[in-house]
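# Survey of secondary and tertiary structure
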Amino acid sequence: MGFSTIAIHAGNEPDPATGAVSVPIYQTSTYAQDGLGRHKGYEYARTQNPTRTALEKNIAALENARFGFAFASGMSAIDSVLKLVKAGEHVLLGDNTYGGTFRLFDRVLRNYGVEFDLVDSSDLSEFENAFKPNTKMVFVETPTNPVMTVTDLAAVAELSHARGAKVVCDNTFMSPYFQRPLDLGCDIVVHSTTKYLNGHSDSVGGFAALNDEKDAEWIGFIQNSIGAILSPMDSFLVLRGTKTLAVRMEAHDRNGRQVANFLAEHPRVEKVYYPGLASHPQHELAKRQQSGFGGMVAFETGSLENAKKVLEGVKLCTLGESLGGVESLISHPASMTHASVPEERRSQLGITDGLVRISVGIEDAEDIIADLDQALA
Ligand SMILES: *Cc1c(COP(=O)(O)O)cnc(C)c1O
């Protein structure tokens with residue numbers, strides 16, 4: 001079956017009690033049991049909730065995964081997956097992941113004895129040399145936030161598996177519509193459903209999808225033990241969001257290309273980061289690995305002063321953190337999403353004070369471009 005058919009039907013069976021076509025919001029904390037030890041598969045809502053189960057089936061199917069787990073946020077999904085790693089074990093972390101992921105490793109997991117090193121996973125020889133005897137996991141994001149560096153997932157999976165390490169890919173930027181990491185050999189996919197999967201900037205959530213039964217059992221155990229579960233209401237919202245994922249991603253991609261082309265030709269823009277541009281250093285890899293380029297575009301304005309003028313000059317684009325919603329959002333990575341990354345590391349990564357990031361929405365492209373044009377002027 002095609003992607004859109006799966007998106008609309010997987011997990012979305014009519015409600016057995018009433019026939020409701022939309023999976024209801026099962027806003028309940030517990031379930032009546034028929035007798036001692038006899039119940040309908042639902043005992044307590046931290047452990048199971050039918051709305052959440054429907055979403056878990058849905059996104060797992062979209063990622064071509066056997067198992068899926070919905071969490072209260074992208075960060076809690078990542079934290080729960082990291083609980084596959086024990087004290088004294090080592091993780092290779094992409095050097096340009098989401099700022100909150102770096103913070104989780106640096107400020108939290110470190111206290112529990114999880115060792116990690118940062119690695120440029122787009123440079124395969126540096127990546128290969130970074131392994132240690134106790135490396136058990138590799139965590140990458142591609143394309144990276146916000147400078148859009150692409151990692152060859154199939155190559156990283158092969159190198160990692162040969163060294164006994166599992167590969168986790170944060171697929172938030174591409175969504176399963178444009179990139180399916182498990183099909184490329186990765187072991188676990190994580191998402192912030194807050195972004196494209198929900199797509200309407202009205203829910204915070206996270207997801208983990210995988211094929212390995214033993215790891216899935218542990219992640220399910222962690223989900224229930226810690227309880228960072230996605231609520232019934234949010235599960236409903238994300239389930240509604242994924243139904244239109246294909247049409248939204250097509251529109252984000254179409255607009256993203258147009259905005260990137262406009263910026264690339266603008267005299268006030270020094271550099272544009274977008275894998276869809278032929279000038280992007282990994283354009284060929286992106287074309288091979290992804291079926292589209294999406295709506296995330298970053299560009300260099302040259303200084304904090306210039307960036308400020310653009311960020312405060314836009315009228316249609318909304319100044320704000322987050323991404324992946326239907327509305328265009330514009331942000332300043334150095335002071336917003338990446339404020340928790342030390343300044344020295346930021347400058348190594350190209351996250352300068354003049355860098356502006358746009359999550360290109362699905363408004364009419366001409367209107368987004370006109371807005372950026374007047375702000376740049
Ligand atoms: C937003 C984001 C996260 C964190 O997700 P939350 O839902 O905000 O907890 C992780 N990874 C990426 C790539 C993100 O954009």
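Residues numbered from 1 in each chain as written. Predicted model: local features only at pLDDT ≥ 70, side-chain atom pairs only at ≥ 80, totals over all residues. Heavy atoms only, no water.

### Points about the domain arrangement of the chain
- Here the domain parsing of the chain yields domain 1 (3–243) and domain 2 (245–376).
- Facing 42 residues of domain 1, the contacting portion of domain 2 comprises 42 residues.
- Regarding the contact of domain 1 and domain 2, the summed buried area is about 3400 Å², with carbon and sulfur atoms giving 60% of it.
- At the junction of domain 1 with domain 2, the criterion picks out one salt bridge.
- For the pair domain 1 and domain 2, the number of links is 18 residue pairs in polar contact (both at pLDDT 80 or more).
- Elements supplying a minimum of two residues to the side of domain 1 that touches domain 2: α1 (3–9), α4 (99–108), α6 (153–162), α7 (175–178) and α9 (232–243).
- Here the side of domain 1 that touches domain 2 gets four residues from one element, more than from any other, and that element is α7. (Domains from an automatic or database assignment. Contact = heavy atoms within 4.5 Å. Buried area = accessible area lost by both parts, 1.4 Å probe. Salt bridge = Lys/Arg side-chain N within 4 Å of Asp/Glu carboxyl O. Polar contact = N/O pair within 3.5 Å; in protein donor to acceptor, adjacent residues only side chain to side chain. Helix = DSSP H or I, 4+ residues; strand = E, 2+ residues; numbered from the N terminus.)

### Re the pattern of salt bridges
- All told, the structure shown has 13 salt bridges when counted by the stated rule.
- R110 is paired through a salt bridge with D106; the nearest N and O atoms lie 2.6 Å apart.
- In this structure R110 comes out as partly exposed when scored by relative accessible area, which is 47%.
- Across the pair D215 and K166 runs a salt bridge, and its minimum N-O distance is 3.0 Å. With D215 in helix α8 (residues 213–226) and K166 in strand β5 (residues 166–170), this residue pair connects regions lying 49 residues apart in the sequence. (Buried < 20%, exposed > 50% of the residue type's maximum accessible area, 1.4 Å probe, protein only.)

### Notes on the side chain of N12
- In this structure, N12 sits in the loop between α1 and α2 (50–62).
- In this structure, N12 is in contact with A7, V23, N58, L239 and K243, ignoring residues within four places of it in sequence.

### Section: the packing of helix α10 (residues 245–264) against helix α14 (residues 365–376)
- Packing of α10 against α14 leaves a shortest axis separation of 10 Å and a crossing angle of 30°. Judged by the angle between their axes, α10 and α14 are roughly parallel. α10 and α14 meet at a crossing whose hand is right-handed. Along the contact surface, α10 presents N255, Q258, V259, F262 and L263, while α14 presents A365, I368, I369, L372, D373 and L376.
- Considering only residue class, the contact of α10 with α14 consists of eight nonpolar, two polar and one charged. (Axes fitted to C-alpha atoms, helices over the stretch in contact; angles between N-to-C directions. Parallel < 35°, antiparallel > 145°, perpendicular 65-115°, else oblique. Left-handed = near helix turned anticlockwise from the far one by under 90°. Nonpolar A, V, L, I, M, F, W, Y, C, P; charged D, E, K, R; others polar.)

### Quick look at the packing of aromatic side chains
- Taken as a whole, this structure holds eight aromatic pairs when the rule is applied.
- For the pair Y31 and Y42, a centre-to-centre distance of 5.5 Å together with 45° between the ring planes defines the contact as tilted. Here Y31 is found in the loop between α1 and α2, whereas its partner Y42 is found in the loop between α1 and α2, with 11 residues between them in sequence.
- The buried category is assigned to Y31, whose relative accessible area is 15%. (Phe/Tyr/Trp six-rings, centres within 6.5 Å; stacked < 30°, edge-to-face > 60°.)

### Let's talk about the sheet that holds strand β4 (residues 135–141)
- The strand order β1-β7-β6-β5-β4-β2-β3 describes an open sheet built from seven strands, whose pairing is mixed. Across the chains shown, the open sheet's two edge strands, defined by having one partner strand only, are β1 (67–71) and β3 (115–119). Between one strand and the next, the sheet's axes are offset by a mean angle of 20°, whatever the strand orientation.
- Direction of pairing for strand β2 (residues 90–94) relative to β3: parallel, over a ladder of five bridges. Across the sheet, the residue bridging to L93 is L118, located in β3.
- In the packing of α8 onto the sheet, the strands contacted are β1, β5, β6 (188–192) and β7 (206–210), and the crossing angle to β1 comes to about 20°. (Pairing = 2+ DSSP bridges.)

### Things to note about the site of the ligand
- Around the ligand sit S73, G74, M75, Y98, E141, D170, T172, S192, T194, K195, G205 and L323, and those are all the residues in its vicinity.
- M75 is positioned such that a nitrogen or oxygen atom in its backbone is 2.9 Å from an oxygen atom of the ligand.
- In the complex, 92% of the free accessible area of the ligand, which totals 380 Å², lies under the protein chains.
- In terms of residue class, the shell around the ligand is made up of three nonpolar, six polar and three charged. (Near = heavy atom within 4 Å. Areas by Shrake-Rupley, 256 points an atom, 1.4 Å probe, with all protein chains shown as cover.)

### What to know about the pairing of β4
- When you tally the buried positions in β4, you get six out of seven residues, the bulk of the element.
- The pairing of β4 with β5 spans five bridges and is classified as parallel. Bridge assignment links V138 to a residue of β5, and that residue is V167.
- Where the polypeptide runs from β4 across α6 and back to β5, its parallel neighbour, the crossover connection is right-handed. (Right-handed = clockwise from strand over helix to strand, strands pointing away.)

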